[in-house]
Amino acid sequence: MKIDPQNPADLSAQIAQAIKAAIVSGELIVDARLPSEAELADQFQVSRPTVREALKRLAAQSLIRTQRGATGGAFVNRLNFEDAYSQQITTSTLLLSMNAVSFDTACEARYALERACAPLSAERRTPDHLATMRTEIFRQSQPGLTDEAFCASDVAFHRALVDGAGNPVLSYQLAGAVEAMQPLMNMITFSARSRESIIALHTRIADALDARAAGEVDAALVELETYTRQLARDVAERRRKQSG
């Protein structure tokens with residue numbers, strides 16, 4: 001593991017990247033103990049506070065964990081999909097909110113990814129996935145449900161559809177699409193949407209999954225995407241008229 005002292009990049013960032021590369025390449029395996037702070041400082045020819053900052057960066061990415069005591073130190077962590085979900089969601093949310101991503105672009109990506117799960121979910125969904133979806137449909141039909149709670153239920157419903165595919169890689173990749181894009185889309189369309197229409201489409205999706213009818217799931221998702229895009233256009237037109 002090496003760094004370039006002449007590189008203008010932050011030394012702690014360079015050290016973190018070097019250790020990360022060693023983990024990815026297999027040079028440092030899961031549960032391997034990293035050298036001590038003093039040993040790393042000597043190896044990279046930097047101060048211990050610089051090493052400490054590099055280790056904090058790695059811990060923030062869940063790449064290492066620290067343990068206290070005589071047998072303690074920093075160890076390579078086994079990163080699992082569940083631990084990575086929150087990072088994926090946070091990154092996706094920031095990318096969408098900080099960049100000029102149009103509603104149509106986000107909507108297209110979100111539904112294209114979810115529709116890719118439809119055939120697998122129709123084949124592999126379990127009774128638990130269906131039960132989750134039915135529970136969320138029931139929750140969405142409650143008259144006193146707030147917009148925020150409806151949005152959270154909406155996310156939970158679609159997350160169950162994705163997880164029904166039984167593929168952890170797809171679930172991870174879609175964490176950002178469902179749990180980052182969906183709330184942002186809801187923020188734009190909640191004032192114009194019909195809860196009854198959303199519930200009816202959700203019911204069609206759940207019924208189709210129950211019947212293992214992948215084509216019907218896909219058709220309902222296409223209809224939901226079309227409805228969502230139209231809502232966004234209606235909201236934009238209303239705002240344009242109000243500002244004019």
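Residues numbered from 1 in each chain as written. Predicted model: local features only at pLDDT ≥ 70, side-chain atom pairs only at ≥ 80, totals over all residues. Heavy atoms only, no water.

J.: Can you walk me through the environment of Thr-93 in this structure?
T.: By secondary structure assignment, the location of Thr-93 is in helix 4 (residues 81-98). By relative accessible area, which is 28% here, Thr-93 ends up partly exposed. Each C-alpha atom of the pair Thr-93 and Phe-190 lies 18 Å from the other, and the pair is 97 residues apart in sequence. (Helix = DSSP H or I, 4+ residues; strand = E, 2+ residues; numbered from the N terminus. Buried < 20%, exposed > 50% of the residue type's maximum accessible area, 1.4 Å probe, protein only.)

J.: Explain the domain arrangement of the chain here, please?
T.: How large an interface is tends to be reported as the accessible area lost when its parts come together. Assigned domains of the chain: these are domain 1 (11-76) and domain 2 (81-243). Computed from C-alpha atoms alone, the centre-to-centre distance between domain 1 and domain 2 is 39 Å. (Domains from an automatic or database assignment.)

J.: Would you explain helix 6 (residues 127-140) in this entry?
T.: Since the α-helix turns once every 3.6 residues, residues separated by three or four places project in the same direction. Along its 14 residues, helix 6 runs 20 Å from first to last C-alpha, staying within 8% of the 20 Å computed at 1.5 Å per residue. Every buried residue belonging to helix 6 is among His-129, Leu-130, Met-133, Glu-136, Ile-137 and Gln-140, and all of these are buried. For helix 6, the angular spread of buried residues about the axis comes to 125 degrees, placing them on one side. Within helix 6, the exposed residues directed more than 90 degrees away from the buried face are Pro-127, Asp-128 and Phe-138. For helix 6, the elements touching its buried residues are helix 7 (147-163) and helix 9 (195-210). (Expected span 1.5 Å × (residues − 1). Arc of directions from axis to C-beta. Contact = heavy atoms within 4.5 Å.)

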